[in-house]
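Below are the chains, spelled out letter by letter.
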Amino acid sequence: MHLARAGHEVCVYNRSAAKAQAWSAEHGGRHAPTPREAAQGPQGTPSDHGAQLVLACVGNDDDVRAVTLGPDGAFAGMAPGSLFVDHTTTSAELARELHAAAAQRGIGFVDAPVSGGQSGAQGGVLTIMCGGHEADFGRAQPLLMAYGGADERVPLPHGTKFYKAIKDSNPNVEWIEYEDEGHGWKLPKTRIDFWGRV
């Protein structure tokens with residue numbers, strides 16, 4: 001609803017068609033019977049008239065695969081140069097899988113799980129934790145701000161405190177610093193290393 005209020009053209013898909021229809025009736029925009037058709041736009045073929053950005057937030061890894069991959073998945077309807085943002089909290093394996101599948105089609109990919117619950121979503125103040133190429137994040141960021149909180153880069157001391165707190169409950173968490181980089185990953189070796197670890 002925040003994207004529609006901000007003036008963006010929106011097409012929604014929901015696994016429950018009645019929910020998609022009700023959303024469109026309340027907030028405007030279109031609804032589609034499959035993720036592919038939602039991504040394609042009104043003409044029905046991947047083109048410049050289709051979605052420039054596709055957002056998803058479903059239940060788990062299998063649910064994300066169901067709405068992205070296969071003949072009726074969003075990727076099948078997305079044109080090269082478009083961008084997919086996954087807000088589902090999923091595994092690192094799925095993020096790697098979707099990043100590779102999107103790249104094969106010339107589609108950008110941002111893994112962007114959210115925190116804040118229903119009240120954060122309705123209030124437009126979700127915390128959105130993004131991972132992906134800086135250029136892809138840069139394209140997504142203006143739209144994410146329609147329903148996310150302030151855009152903040154975490155200072156290094158706060159990041160290390162956060163890492164230590166998470167590490168206490170999840171021994172698989174890694175802390176990585178790229179000495180040759182600043183607030184962004186410009187070097188191919190950095191991106192290759194990062195995506196090899198995710």
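The structure under discussion appears in the preceding block.
Residues numbered from 1 in each chain as written. Predicted model: local features only at pLDDT ≥ 70, side-chain atom pairs only at ≥ 80, totals over all residues. Heavy atoms only, no water.

Asker: How do you make sense of the overall build of the chain when you look at a structure like this?
Answerer: Regarding its fold elements, the chain presents 10 helices and 8 strands. Its C-alpha radius of gyration of 17 Å places the chain within 12% of the 16 Å reference for a compact globule of 198 residues. The principal-axis extent of the C-alpha atoms belonging to the chain is close to 45 × 35 × 30 Å. When the 198 residues of the chain are sorted by exposure, 34% land in the buried category. The long-range fraction of contacts in the chain, counting pairs at least 24 apart against all pairs at least 6 apart in sequence, stands at 53%. If you sum the accessible surface of the chain, you get close to 11,300 Å²; carbon and sulfur atoms cover 53% of it. One finds the centroid of the 17 positive side-chain charges in the chain at a distance of 1 Å from the centroid of its 23 negative side-chain charges. (Helix = DSSP H or I, 4+ residues; strand = E, 2+ residues; numbered from the N terminus. Rg over C-alpha atoms; globule rule 2.2 N^0.38 Å. Buried < 20%, exposed > 50% of the residue type's maximum accessible area, 1.4 Å probe, protein only. Contact = heavy atoms within 4.5 Å. Areas by Shrake-Rupley, 256 points an atom, 1.4 Å probe, with all protein chains shown as cover. Lys, Arg positive; Asp, Glu negative; His and termini not counted. Charge placed at Lys NZ, Arg CZ, Asp CG, Glu CD.)

Asker: Looking at this structure, I do not really get the pattern of salt bridges. What am I missing?
Answerer: Two side chains carrying opposite charge are able to pair once their charged atoms lie near each other. The tally for this structure, following the rule as stated, stands at 8 salt bridges. Between Glu93 and Arg96 there is a salt bridge, and its shortest N-O distance comes to 3.9 Å. Taken together, the positions of Glu93 and Arg96, both in helix 6 (residues 92-104) and 3 residues apart, correspond to about one turn of that helix. The partly exposed category is assigned to Arg96, whose relative accessible area is 30%. We note a salt bridge from Arg197 to Glu174, for which the minimum N-O separation is 2.6 Å. One end of the pair, Arg197, is in helix 10 (residues 188-197); the other, Glu174, is in the loop between helix 9 (156-169) and helix 10, with 23 residues separating them in the sequence. Here the residues in one salt-bridge network are Asp62, Arg65 and Glu97, joined through shared partners. (Salt bridge = Lys/Arg side-chain N within 4 Å of Asp/Glu carboxyl O.)

Asker: Is there a simple way to think about the side chain of Asp136 in this case?
Answerer: Its location among the elements puts Asp136 in helix 8 (residues 134-144). When residues no more than four places from it in sequence are discounted, the contact partners of Asp136 are Leu83, Gly108, Phe109 and Val110.

Asker: Where do I start with the state of the cysteines in this structure?
Answerer: Working definition: the covalent bond between the sulfur atoms of two cysteines is a disulfide. The tally for this structure, following the rule as stated, stands at 0 disulfides. Unpaired in terms of disulfides, Cys130 finds its nearest cysteine sulfur in Cys57, a separation of 13 Å. Residue Cys130 is classed as partly exposed on the basis of its relative accessible area of 34%. (Disulfide = S-S within 2.5 Å.)

Asker: Even after reading the chapter, I still don't get helix 6, so can you show me in this structure?
Answerer: Within an α-helix, residues lying three or four positions from one another point in the same direction, as the helix has 3.6 residues per turn. Over its 13 residues, helix 6 extends 19 Å from the first C-alpha to the last, a length consistent with the 18 Å expected when each residue adds 1.5 Å. Within helix 6, the full set of buried residues consists of Leu94, Ala95, Leu98, His99, Ala101 and Ala102. Summarising the contacts, the buried residues of helix 6 are in contact with helix 4 (61-68), helix 5 (74-77), strand 4 (83-86), strand 5 (108-111) and helix 10. Phi turns positive one or two residues past the end of helix 6, at Gly106, with a value near 75 degrees. (Expected span 1.5 Å × (residues − 1).)

Asker: Just to check I follow, could you spell out the sheet that holds strand 3 (residues 53-56) for this structure?
Answerer: Where strands meet in a sheet, backbone hydrogen bonds hold them as pairs that are either parallel or antiparallel. Read across the sheet, 4 strands follow the order 3-4-5-8 without closing on themselves; strand pairing throughout is mixed. Strands with a single pairing partner mark the edges of an open sheet, and in this sheet they are strand 3 and strand 8 (131-132). The pairing of strand 3 with strand 4 spans 4 bridges and is parallel. Within the sheet, the bridge partner assigned to Val54 lies in strand 4 and is Phe84. Strands in contact with helix 8 are strand 3, strand 4, strand 5 and strand 8; relative to strand 4, the strand with the most contacts, it is inclined by about 70 degrees. (Pairing = 2+ DSSP bridges. Axes fitted to C-alpha atoms, helices over the stretch in contact; angles between N-to-C directions.)

Asker: Which parts of the structure should I look at to understand the packing of helix 4 against helix 6?
Answerer: The interhelical angle for the contact between helix 4 and helix 6, taken along N-to-C directions, is 10 degrees, at an axis separation of 10 Å. The orientation of helix 4 relative to helix 6 falls into the category roughly parallel. Crossing geometry of helix 4 relative to helix 6 is assigned as right-handed. For the pair helix 4 and helix 6, contact is made by Asp61, Val64, Arg65 and Thr68 and by Leu94, Glu97 and Leu98, respectively. Among the residues forming the contact of helix 4 with helix 6, the class breakdown is 3 nonpolar, 1 polar and 3 charged. (Parallel < 35°, antiparallel > 145°, perpendicular 65-115°, else oblique. Left-handed = near helix turned anticlockwise from the far one by under 90°. Nonpolar A, V, L, I, M, F, W, Y, C, P; charged D, E, K, R; others polar.)

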